[in-house]
Amino acid sequence: MATPADILKKIEDEGIELIDLKFIDLPGIWQHLTVHKSQIDESSFSDGVAFDGSSIRGWKAINESDMMMVPDPNTAWVDPFMKEPTLSMVCTIKEPRTGELYARCPRAIATKAVDYLRSTGLGDTAYFGPEAEFFIFDDVRFDQNEHSAYYYVDSVEGRWNTGKEYPDGNLGYKPRYKEGYFPVSPTDTSQDMRSEMLLTMASLGVPIEKHHHEVATGGQCELGFRFGELVQAADWLMIYKYCIKNVAKKYGKTVTFMPKPLFNDNGSGMHTHQSIWSGGQPTFAGDKYAGLSQTALWYIGGILKHAPALLAFTNPTTNSYKRLVPGFEAPVNLAYSQGNRSASVRIPLSGDSPKAKRLEFRCPDATSNPYLAFAAMLCAGIDGIKNQIDPGDPLDVDIYDLSPEELAKIPSTPGSLLDALKALEADQAFLTSTGVFTEDFISNWIEYKLDNEVNPMRLRPHPYELALYYDC
C-alpha cells in the first residue's frame, strides 16, 4: 500500500515534473488533467485537486460545476505513452463543499458497493476478474449526416481480404470465419503487438496472465490478467484498455471494444468472474451443485433475477444487443450451468481448491463502465443472498436439442438497450436501497442513455433499410 509520502518522494527522487490525474466519466471513458508537481502536496490525497466538472458527460450543470479529484496513491505509475516523464494516478471525485463522495462518480459508487458488502456481514472482499475481448483493425472510417450513412473497417487478417491485391502480394493467410481460435503465425499477425501490450500492462502493476487470438476473423484478440478486489479490478481494466489502444496506435493500428463491429462473425464480450470472501476465506465453495455453496447459489439467483436491469449497466450500448442474439453462442439464456456456454452464468472448472471457486457472468461487454457494472452485479448478488433467491435448476442440456416449448420456458436477456433501461426503471430497489446507487443516479443514467444513444439511433435510417425497402 503506497502512502502520499511515498508518492511525493518518488516524484522528487525520479525528477518527475508532471502529474497526470485520470478519472472516469459516466459512460466509462477516462478523462485527465495534467498538473505541475508544485500543485500536488500531501493534502491533495485527502482534499483533492479542484477542476470544472460542468463539461463532463452526464455530470453537473454549469451552475454547480466545482469538483475535486482525489488521487489514489496505490494507482501511481509512470505513463509509458507520454514523452515527458509523467506520473499517472487514478482519482475519485468529491464534492468540494461537503467533502462527500460525488454520487455520480462511478469509482465512488464502486467504493460504496464494497462498503455495503462489509456492512451486511456477508463478506469483506469481492473479487472480480473481467475477460475483455477486442478487435484490432488497420483502418476505420464512419460518417452519418442528413443524406448518407456508412462505416468501413478493414484488417489485414480479415477473411474478406483473401482476394485483395497487396504491393508485395497476398499471402492468403486469413483466419476462416469463426476459426480464429488459436492459429499460429503467419495466420496470427498480432503476436508481437499483443506481447508488448501485455508486458506494458505488467510494467504498470497489472498482474498479467496470457494473451491470444480470439474466434473471429479480422483481428479479434484477448489479453488476460488476474482477478482483483472490485475497485482494483476496475482500475486494472481501465489500464488494460488504455495500454491496448495506445500500443496499437504505436503499430499504426486501431482497437475497438465494440461488442459487434463485424457482421456475420463472433462479437466481443467481457465474461466477468466473481466471488465473495470473508476473513480471508472463500464463501462460494461448498457441497452443492458444481462444488458451490448455498451462498453462491443464492448469489446466482440474485444475478438471474435482476439480469434484465443489470444489463443496462453491463451491456450499456445499442451495439451490445447485436451480440446478444438468440440462436448463436451468445449467453442470452438467463440460467446457470457448469459447462453450457449459452447460459448467462457459468461455473468454471476450478480443481480441488475452494479458493478458486467462483461464478462467471457471461453477458457483459467491455463498452460497460467497469465501476458501475461490477458494483451493480455485486448488489444483485447480495440481494440474492439476503433474500435467499433460488436460481432454479441448472441448464446442463444442449439448448439446440430443446423443443420450442422447452426453450420458451427459459427466460432471455433483453433484446435491446431500450428494453434493458425499462427493466432498470422498474427494478432498481436492489441498487438504491443499498445506498450504493442513488435514485438521482439511476434516473440520470436512463435519461442520458435515452437522449444520447437510444433516441438518436431510432431517428436515423439504417443503410440496410434502403436495401430492404427502397423499391416499396
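Not measured: the values here are computed from a predicted model.

Asks: Even after reading the chapter, I still don't get helix H3 (residues 191-203), so can you show me in this structure?
Replies: In an α-helix, one full turn covers 3.6 residues, which means residues spaced three or four apart are oriented alike. Taking 1.5 Å per residue as the helical rise, H3 with its 13 residues ought to reach 18 Å, and the 18 Å between its terminal C-alpha atoms agrees with that figure. Along H3, the positions that sit buried rather than exposed are Met193, Arg194, Met197, Leu198, Thr200 and Met201. In a view along the axis of H3, the buried residues occupy a sector of 160 degrees, so they form one face of it. In H3, the exposed positions that point more than 90 degrees away from the buried face belong to Asp192, Leu199 and Ser203. Buried residues belonging to H3 abut strand S7 (125-137), strand S10 (208-213), strand S11 (220-225) and helix H4 (230-250). Gly205, located one to two residues past H3, shows a positive phi value of around 100 degrees.

Asks: Just checking my understanding: could you explain the environment of Trp277 for this structure?
Replies: With respect to the helices and strands, Trp277 occurs in strand S14 (residues 270-278). Distance from Trp277 to Asp25, taken between C-alpha atoms, is 29 Å for residues 252 residues apart in sequence. Dropping the residues within four chain positions of it, Trp277 is found in contact with Gly123, Asp124, Thr125, Tyr127, Pro282, Thr283 and Lys355.

Asks: How do you make sense of the packing of helix H5 (residues 294-314) against helix H7 (residues 370-386) when you look at a structure like this?
Replies: Helix packing geometry: the angle between the two helix axes and the distance between the axes. Contact geometry for H5 and H7: axes closest at 6 Å, N-to-C directions at 140 degrees. On the basis of their axis angle, the class for H5 and H7 is oblique. Where H5 crosses over H7, the two elements pack in a sense that is right-handed. Packed against H5, whose contacting residues are Thr295, Trp298, Tyr299, Gly302, Ile303, His306, Leu310, Phe313 and Thr314, the element H7 presents Leu372, Ala373, Ala376, Met377, Leu378, Ala380, Gly381, Ile382, Asp383, Gly384 and Ile385 at the interface. Considered class by class, the residues forming the contact of H5 with H7 number 13 nonpolar, six polar and one charged.

Asks: What should I look at first to understand the pairing of S11 in this one?
Replies: When a strand is regular, its side chains alternate between the sheet's two faces. With six of its six residues buried, S11 lies for the most part within the structure. Residues Gln220, Glu222 and Gly224 of S11 are buried on one face, and the alternating residues Cys221, Leu223 and Phe225, pointing to the opposite face, are buried as well. As paired strands, S7 and S11 are joined by three bridges and run antiparallel to one another. Bridge assignment links Phe135 to a residue of S11, and that residue is Gln220. Inspection of the sheet shows S10 paired to S11 by five bridges, in the antiparallel sense. Residue pairing in the sheet places His212 in a bridge with Glu222 of S11. Between the antiparallel neighbours S10 and S11 lie six residues, among them Gly218 with a positive phi of about 80 degrees.

Asks: What am I meant to see in the packing of helix H2 (residues 106-120) against H7 here?
Replies: Between H2 and H7, whose axes approach to 8 Å, the crossing angle comes to 20 degrees. One way to sum up the angle between H2 and H7 is to call them roughly parallel. When you trace H2 past H7, the crossing you get is left-handed. Here Pro106, Arg107, Ile109, Ala110, Ala113, Val114, Tyr116, Leu117 and Thr120 of H2 lie close against H7, whose contacting residues are Tyr371, Leu372, Ala375, Leu378, Ile382 and Lys386. Of the residues belonging to the contact of H2 with H7, the class tally is 12 nonpolar, one polar and two charged.

Asks: Explain the pattern of salt bridges to me, please; I cannot follow it from the model alone.
Replies: Once their charged atoms are close, side chains differing in charge can pair, the charge on each being opposite to the other. Within the structure shown, the criterion is met by 20 salt bridges. Between Glu14 and Lys10 there is a salt bridge, with the nearest N and O atoms lying 2.8 Å from each other. Across the salt bridge formed by Asp440 and Arg104, the nearest N and O atoms sit 3.0 Å from each other. With a gap of 336 residues between them, Asp440 in helix H11 (residues 439-459) and Arg104 in the loop between strand S6 (86-94) and H2 connect regions that are remote in the sequence. Looking at Arg104, the relative accessible area reads 16%, which means it is buried. One network of salt bridges, with partners in common, ties together Glu12, Glu17 and Lys37.

Rules of the game
- All residue numbers here refer to positions counted from 1 along the written sequence of the relevant chain.
- Local features in this predicted model are restricted to residues of pLDDT 70 or higher, and side-chain atom pairs are both shown and tallied only at a pLDDT of 80 or more, whereas totals for entire chains, interfaces and linings draw on every residue.
- Think of the side-chain values as coming from all heavy atoms in the structure, minus any hydrogens and water.
- Helix numbering and strand numbering both begin at the N terminus, where a helix is a DSSP run of H or I of at least 4 residues and a strand a DSSP run of E of at least 2.
- Expected span of a helix: the number of residues minus one, times 1.5 Å.
- Burial classes follow relative accessibility: with a 1.4 Å probe on protein chains only, a residue under 20% of its type's maximum area counts as buried, one over 50% as exposed, and anything between as partly exposed.
- Comment: arc refers to directions from the helix axis out to C-beta atoms.
- Residue contacts are defined here by distance: any two heavy atoms, one from each residue, within 4.5 Å place the two residues in contact.
- Orientation is described by lines fitted to C-alpha atoms, with helices fitted over the stretch in contact, and by angles between N-to-C directions that extend from 0 to 180 degrees.
- For classification purposes, an angle smaller than 35 degrees is called roughly parallel, one larger than 145 roughly antiparallel, one from 65 to 115 roughly perpendicular, and anything else oblique.
- Should the near helix be turned anticlockwise from the far one by less than a right angle, the crossing is left-handed, and should it be turned clockwise, the crossing is right-handed.
- Residues are sorted three ways: Asp, Glu, Lys and Arg are charged, Ala, Val, Leu, Ile, Met, Phe, Trp, Tyr, Cys and Pro are nonpolar, and all the rest, Gly among them, are polar.
- In short, DSSP must find at least two bridges between two strands for them to pair.
- For this analysis, a salt bridge means a side-chain nitrogen from Lys or Arg found within 4 Å of a carboxyl oxygen belonging to Asp or Glu.

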